[in-house]
Every structure is written in structure tokens, then in C-alpha cells.
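One letter stands for each residue in the lines below.
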Amino acid sequence: MKAVKAIQQNSEKVVLAVYMAAIVVFAALLTPMLGDAWRGGGLTRFLFRTRLLVGLSLDVIASALLGLYFGFLLLMVVDTKKRLQGVLLFAGSVIALIILSGMGLLLPNIDSISNLPWIAIGLAASAFLGGGRTLSNITSGGVLEFRGASKAIYYILTAVVVLSFVEFHLEYQLPVSITAGGISLPPNFSPRIQIIGGAQQIIFHTILVTGFVVTARRFVTYDAEQDFFVLGPKASGKSLLLVGSYLEALNRLNNKEQQVPLDPSQDLMNLVGELDRQQDGWFVDATRQRELEDLQFKYVHGSIFPRNVQVSTLDYAGELLEQLPDALMSAGSSGDLPSTVNQASRSIQEADTLVLLIDSNRFLENERLDIEPYFDILQATDSKEVILVATKSDIFAEEFREEQGLQAQQYFDEFKQYVDDRLSQNQSVQALKAQTDQPVIHPVYYQTRIDENGERVPMRNSGSVATVGFDRLLDMLGEK
Ligand SMILES: Nc1nc2c(ncn2[C@@H]2O[C@H](COP(=O)(O)OP(=O)(O)OP(=O)(O)O)[C@@H](O)[C@H]2O)c(=O)[nH]1
Ligand SMILES: [Mg+2]
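Model, not experiment: these values are computed from the prediction.

Visitor: Give a description of the overall build of the protein that names residues and reports values.
Guide: In terms of helices and strands, the protein carries 19 helices and 16 strands. Each principal axis of the C-alpha atoms in the protein carries an extent, and together these give about 85 × 60 × 55 Å. For the protein, with 480 residues in total, the buried portion stands at 31%. The contacts in the protein between residues at least 6 apart in sequence include a share of 74% that link residues at least 24 apart.

Here it is in C-alpha cells:
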């Protein structure tokens, strides 16, 4: 027990030690594969050989690429949040370079003096591509952040390692070849593909490659700032979804599962404050049409590789939803639309993840779901993560208990599937699911009871409300 406690107290240091060891192991074991892959490479070498057509030598390209790569790493080191990861990757890269040199690859073939200009070009390109541009417009309170550089490093490393894996284990001939003389077709081409290496080696390499890619990913997303945007029609439960998520994070803080303060924004505190003031009923009023609430808080996701996730989103009146597609299509501010709509539309553009709400209550009451604007919004914004959430699922939970005799809370996965099956009966929901790659809609709800007036109100336990599904929602948000 003592040992466990010691590890817990020093978890950051332990994680760091594990990371360091992992980097050394990956560099030592993957680099030889990389070197061999390059020697026997087919398609990759072919692509590099296109340089012959414009008369560039290999060391020029290698110098520029090295410049680019180390430039990105340098930006990571400058970035306060990624500094440690940048240093570790730097160390790993140096180990890899040494091993490659031992194999007679890369550095030994580069005359560093004559290629200095090319290295400089690579460095300059990395500064430009990696967001070094932002250096010039840092405001006083701004922090140095080079998300682009970390991302680039991740993509480069993943591409190199996965390609090497493929090249290492496959032997094939290409139907074309390139020499300084131009492109030619080899006369004795045979379209045969052969797998190289035994099952054991392939499995070993697969584990290594997967482990490396996962680690690299953790490295570049150690600290996450997530801009969400919750979309939902009027009274679909947007405001209460955000309050519920915050309460869940608060819960984690109280249970000592996290130490980082939540730093909620004032608008969020105003909403949550109502919870204490009104001891009955729904404590949140319909969001006013002329207002936008800036809701933010932080929470920690993950325990072994904790990341600070900053959740931020705008809360708006559901009436605006129908106008959002127009605002998004008209790019920039459109004079005809209220400023709240334009601002919300900008916020959607900036968001990483869109959370689309489906009102379970409307579904059960056979009312229109009013989710049609989602389709246009998805079309007007590309490459955003999407999370589908079914709000107010407490009535489903009651049905689920009656039909299957199970508590939704305890059998959450089964319940989730149940809600998904039910909602998928709706054509629009089905179409929406087809547009996103989330297999099952995520249900959330406040536990409710029927009060004396026959109204459904949240259950209170010494003042506080009980929610279901929000813990998993926070995890989903953190994993995006
Ligand atoms: N049964 C049940 N009702 C809920 C739940 N969440 C929200 N509601 C109901 O939905 C109403 C609207 O919730 P809000 O969070 O204000 O919805 P909104 O999307 O922010 O609404 P606007 O700001 O008007 O667009 C609440 O007043 C409740 O009556 C839930 O989990 N269960
Ligand atoms: Mg609201």
C-alpha cells in the first residue's frame, strides 16, 4: 500500500520516468526497422526518386526535411505546455539519428556545411507552418502555443513509422522506375507481393508501432483545450447540459479525483447559483434571446496521463438555431442577422467539437425534433468532431426499468443502446447518425420525480440534484 501511495503522490514523476523509458525503447527498437525499410523501400524510395527529374540530390532533400522536423520540435520546446514532451522527443530523435548513422544512413551522407542553406529553409518552413507566425501577434496575456507544430510532429512520426512498417514487411516491385534519365518501365515486371518476416516479428513490430503512435499522440495532446459548441433547439436542455457537466466536474474535485481548480466563468456561476437559490423545480430559465452566455470550466481527464481539459462554449437561446445555418453560409458577419447569431456562428467555426442535442421528451411526445438545422450546420463546417447526446432521457430510463427491470444507472451500456434503438426509429435521427461516426447516441438526464402539481421536477437530495450520464460525457469530451 505504501508503494502505491508513493506512486500516487509522485504520479507526475512516475509518468515522466515511464515516458522517458518508452522513448528510449521505441527509438532503439524502431529505428533499425526504419533503416532496413528505407534500404528495401519500394514506393517511398520511388517518391523520393522523383527528385531526379528536377535534378535535386538526396542530401538536399534530407537536409531540408531534417530542418523541418527539428524546427517543429523546437517550436514544441518553446511552447510552455509541450516543453517536456518536446525535449523527450528531441532526445528520442537524437538516439534514432545515432542508430541510423551507425547503419550508414542519413547523417553520414550529409555534408552539413554545404547543406546549411537547405537546413535553414526547412527550419524556416517549420516556423511558418507550425504557427511560428503567431509569434508576431502575441498579446500581453497570451501564452505561446504552437498547436500546429505538435500536430505536425505527430503526423510526421506516425507516417514515418507506419510506412517503415509496411515497407519492411512487404516486398514488391513497382511497374515504373525513375532515373536521372526519366521515367521508365522495367521490362521484367512481375506484380508479385511478398510478405517478409515471420509471424512473431510482425506481431512484435505491430505492437511497437501501435504503442509508439499512441504514445506520440498522448505527447501532443497532453494539455487539451476543447472548444465545444452545444447545438439544440429551444428548450432542448442546452443550459442544463452545461450545468450538469460542470456539476459532474465539481463532483470529481470534491472526491479528490482532481486537484486543478475548475475556474468557472461568471456566466456559468450565475446559472449554477440558481441551483442553490431555488430549492424546487428547474432552476434554469429559458436563455434570453438577446444574450450569449460564455460558459467555461476546466477539468482533468484521465488519471495516468492526466490532461487539463478546458471546456468552453457559448450558451444561447434555442430560437437562434434556425438562423445559424444562414449565418454560417454567409461567411463573415451578415448585416441582416442579429449580432448574437453572427457571434454564435463564429464560435461554431472555432469549435473543435459540436455537441448535437436530441430532445428525448419531444421524441416521446411525438413532437417535431427540430433538428433539421444540424444538417446544414454540419455541411457548412467541415472536419469537426461531433457528439450526439440525447437529453432528458429520464423518461426512457423509466420505460427501461418497466420493460427490462433494470436500473439505467447500473446498466448504462444497455440503457444507452436502448435509447439509441428507440431514437433511431426517427428518420432524421437515423440520417444524423449516418453523418457522424459515433455508433451510439449518448443519453444524459437529471433524475426526476412528479411533484404535487403533476409536473416533472428534478429530484433533490439535500439540495443537490442527481444526474446520470454526465460522467461519461465528460470522458467523451476529454477524449476528443
Ligand atoms: N425530464 C427532464 N426534463 C429536462 C431535463 N433537462 C431539461 N429538462 C427540461 O427542459 C427545460 C429546458 O431546459 P434548458 O436547459 O433551459 O434548455 P435550453 O435548451 O437551454 O433552452 P433555451 O435556453 O430556451 O433554448 C427545463 O426547464 C426542463 O423542464 C432532464 O434531464 N429531464
Ligand atoms: Mg438555455
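Visitor: A description of the nonpolar core should follow, citing residues and the corresponding values.
Guide: Nonpolar side chains in soluble globular proteins tend to end up buried together. Residues Phe 229, Leu 231, Leu 324 and Val 355 are the most contacted members of the largest nonpolar core, which totals 60 residues. With six residues, the single largest contributor to this core is helix α10 (residues 238–254). Leave out the neighbours within four places in its chain, and Phe 229 touches Thr 313, Leu 314, Ser 347, Ile 348, Ala 351, Leu 354 and Val 355. Ile 23, Met 33, Leu 66 and Phe 219 belong to the second largest nonpolar core, which has 37 residues in total.

Visitor: Tell me what's going on with the site of ligand 1, and back it up with residues and numbers.
Guide: As a structural note, the neighbourhood of ligand 1 is formed by 21 residues, with Ser 239, Leu 240, Ala 286, Thr 287 and Gly 318 the closest of them. For the shell around ligand 1, the elements supplying multiple residues, two or more each, are α10 and β11 (445–446). Of the residues forming the shell around ligand 1, the biggest block, three residues, is contributed by α10. Each residue belonging to the shell around ligand 1 can be placed in one class, and the counts come to eight nonpolar, eight polar and five charged.

Visitor: Hey, could you go over the pairing of strand β9 (residues 385–391) for me, with residue numbers and the actual values?
Guide: Sheet topology note: the strand β8 (residues 353–359)/β9 ladder contains seven bridges and is parallel. Bridge pairing in β9 links Leu 354 to Val 386. Bridge analysis of β9 against strand β10 (residues 442–443) gives two bridges, and the strand direction is parallel. For Ala 390, the partnering residue across the bridge sits in β10 and is Pro 443.

Visitor: Go over the packing of helix α8 (residues 147–169) against helix α9 (residues 199–220) with me, naming the residues and quoting the values.
Guide: For the pair α8 and α9, the least separation of the axes is 9 Å and the interaxial angle reads 175°. As judged from the angle between their axes, α8 and α9 are roughly antiparallel. Residues Ser 150, Lys 151, Ile 153, Tyr 154, Leu 157, Thr 158, Val 161, Val 162, Phe 165 and His 169 of α8 touch α9, and the partners they reach there are Ile 202, His 205, Val 209, Phe 212, Val 213, Ala 216, Arg 217 and Val 220. Residue composition of the contact of α8 with α9, by class: 12 nonpolar, four polar and two charged.

Visitor: Explain the domain arrangement of the protein to me, using residue names and the numbers behind them.
Guide: The domain architecture assigned to the protein consists of domain 1 (2–220) and domain 2 (224–479). In this structure, domain 1 and domain 2 have C-alpha centres spaced 40 Å apart.

Visitor: Describe the confidence of the model for the protein, and please don't skip the residues or the numbers.
Guide: Mean pLDDT over the protein stands at 86; residues scoring 70 or higher make up 90%. Taken as a whole, residues 136–143 scores under 50 in pLDDT and shows two contacts with residues more than four places along the chain or in a different chain.

Visitor: Explain unusual backbone geometry to me, using residue names and the numbers behind them.
Guide: Phi at Asp 263 takes a positive value of approximately 45°, unusual for a residue other than glycine. Positive phi is not limited to glycine here, since Asp 370 has a value of about 55°. Residue position: Asp 370 is located in the loop between α14 (360–364) and α15 (372–380).

Visitor: Describe the packing of helix α16 (residues 394–404) against helix α17 (residues 412–423), and please don't skip the residues or the numbers.
Guide: Between α16 and α17, the shortest axis-to-axis distance is 10 Å and the interhelical angle comes to 110°. Here α16 is positioned roughly perpendicular relative to α17, judged by the angle of their axes. Between α16, through Phe 396, Ala 397 and Phe 400, and α17, the contact on the second element is made entirely by Phe 415, Tyr 418, Val 419 and Arg 422.

Visitor: Explain helix α13 (residues 339–350) to me, using residue names and the numbers behind them.
Guide: Given a rise of 1.5 Å per residue, 12 residues ought to cover 16 Å, and the 17 Å separating the end C-alpha atoms of α13 matches this to within 8%. For α13, the complete set of buried residues consists of Thr 340, Val 341, Asn 342, Ala 344, Ser 345 and Ile 348.

Visitor: Account for the environment of Ala 390, with residues named and values stated.
Guide: Tracing the backbone shows Ala 390 in strand β9. Note: C-alpha distance between Ala 390 and Asp 359 (31 residues apart in sequence) is 5.9 Å. When near neighbours in sequence (up to four residues on either side) are disregarded, Ala 390 contacts Ile 358, Ser 360, Val 419, Leu 423, Ile 441, His 442 and Pro 443.

Visitor: Quick rundown of the environment of Leu 262? Include the residues and the values.
Guide: Locating Leu 262 in the fold gives a position in the loop between α10 and α11 (266–277). Among residues more than four places away in sequence, those in contact with Leu 262 are Ala 249, Leu 250, Leu 253, Phe 297, Lys 298 and Tyr 299.

Reading the values: the criteria
Residues numbered from 1 in each chain as written. Chains lettered and ligands numbered in written order. Predicted model: local features only at pLDDT ≥ 70, side-chain atom pairs only at ≥ 80, totals over all residues. Helix = DSSP H or I, 4+ residues; strand = E, 2+ residues; numbered from the N terminus. Buried ≥ 20, exposed ≤ 12 C-beta atoms within 10 Å, placed from the backbone. Contact = placed C-beta atoms within 7 Å. Core = buried A, V, L, I, M, F, W, Y, C linked by C-beta atoms within 7 Å. Near = placed C-beta within 6 Å. Nonpolar A, V, L, I, M, F, W, Y, C, P; charged D, E, K, R; others polar. Pairing = 2+ DSSP bridges. Axes fitted to C-alpha atoms, helices over the stretch in contact; angles between N-to-C directions. Parallel < 35°, antiparallel > 145°, perpendicular 65-115°, else oblique. Domains from an automatic or database assignment. pLDDT = per-residue confidence, 0-100. Expected span 1.5 Å × (residues − 1).

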